[in-house]
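# Coordinate inspection notes
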Amino acid sequence: MSWDDEWAEMVRNASHGTSMRLAGADKDGNGWSGNLKSERAAWIMAGGGIGELRGDIRKALGTLEKTQEGLGSDGDTVDGVQSGAAQLEVYRSWKRYLEDVSGRCGTLRTQLEKAGDDHDVNDADVKKAFDGLDGRYKDTPAVGGQDQGR
């Protein structure tokens, strides 16, 4: 299996069950109705999927490091063989790449979970602000006046 195939499989596995509900919308026949919803659980689930992907990347990094054991990881050549030096350069390149992707996944997971918390807090604050209108303006009749018994 090629690296691209393995990567695609890891992404599929990490995102399995994580749907695009982060900003899901009620859809009418003519496009989006504008009733966007955000669920904290969806943000947390997306962050969890990224966390699982990070775990898979860390496993791959561990395997890469284990297979490098005995081949050397310092110097310009491995046992004086130029092809060993080329292999060492490939190893270092992939190690750095996997460490960077793992770090990015960790940061992304944190940001997704924070976004979910922020949306949740913001939604509660907005609801509280609008709910407070009824108590504050109790004596103000609704638009259109009062029903005259009709």
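Anything mentioned here points back to the structure above.
Described below are features of the structure shown in this document.

### A closer look at helix H2 (residues 40-68)
The α-helix advances 3.6 residues per turn, and as a result positions three or four apart in sequence lie on the same side. The end-to-end C-alpha distance of H2 is 42 Å, a good match for the 42 Å that 29 residues give at a rise of 1.5 Å each. Count one or two residues on from H2 and you reach Gly70, which has phi positive near 85 degrees.

### Some details on the packing of aromatic side chains
Tallied over the full model, the rule gives 1 aromatic pair. With centroids separated by 5.5 Å and ring planes inclined at 90 degrees, the aromatic side chains of Trp94 and Tyr97 adopt a geometry described as edge-to-face. One end of the pair, Trp94, and the other, Tyr97, are both in helix H3 (residues 82-136), 3 residues apart, so they sit about a helical turn from each other. What makes Tyr97 partly exposed here is its relative accessible area of 39%.

### As for the nonpolar core
Ranked by size, the top nonpolar core spans 11 residues in total: Met10, Trp43, Ala46, Ile50, Leu53, Ile57, Leu61, Leu98, Val101, Cys105 and Leu112. Listing elements by their share of this core, those giving two or more residues are H2 and H3. Ranked by residues supplied to this core, first place goes to H2 with 6 residues.

### A word on the side chain of Ser102
Looking at where Ser102 falls in the secondary structure, it is placed in helix H3. Its relative accessible area of 6% is what places Ser102 among the buried residues. Apart from residues lying up to four places away in sequence, Ser102 is in contact with Arg54, Ile57 and Arg58.

### So, the side chain of Gln68
With respect to the helices and strands, Gln68 occurs in helix H2. For Gln68, the contacting residues outside a window of four places in its chain are Gln87, Leu88 and Tyr91.

### Digging into the pattern of salt bridges
Opposite charge on two side chains lets them pair, provided their charged atoms get close. Within the structure shown, the criterion is met by 5 salt bridges. Its salt-bridge partner being Lys95, residue Glu65 comes within 3.8 Å of it at the nearest N-O pair. With Glu65 in helix H2 and Lys95 in helix H3, this residue pair connects regions lying 30 residues apart in the sequence. A salt bridge links Lys95 to Glu99, with the shortest nitrogen-to-oxygen separation between them at 2.9 Å.

### Side note on the environment of Arg96
With respect to the helices and strands, the residue Arg96 is situated in helix H3. Arg96 sits in the partly exposed class, given a relative accessible area of 47%. In this structure the C-alpha to C-alpha distance between Arg96 and Leu61, which are 35 residues apart in sequence, comes to 9.5 Å.

Reading the values: rules and limits
Residues numbered from 1 in each chain as written. Predicted model: local features only at pLDDT ≥ 70, side-chain atom pairs only at ≥ 80, totals over all residues. Heavy atoms only, no water. Helix = DSSP H or I, 4+ residues; strand = E, 2+ residues; numbered from the N terminus. Expected span 1.5 Å × (residues − 1). Phe/Tyr/Trp six-rings, centres within 6.5 Å; stacked < 30°, edge-to-face > 60°. Buried < 20%, exposed > 50% of the residue type's maximum accessible area, 1.4 Å probe, protein only. Core = buried A, V, L, I, M, F, W, Y, C linked by side-chain atoms within 4.5 Å. Contact = heavy atoms within 4.5 Å. Salt bridge = Lys/Arg side-chain N within 4 Å of Asp/Glu carboxyl O.

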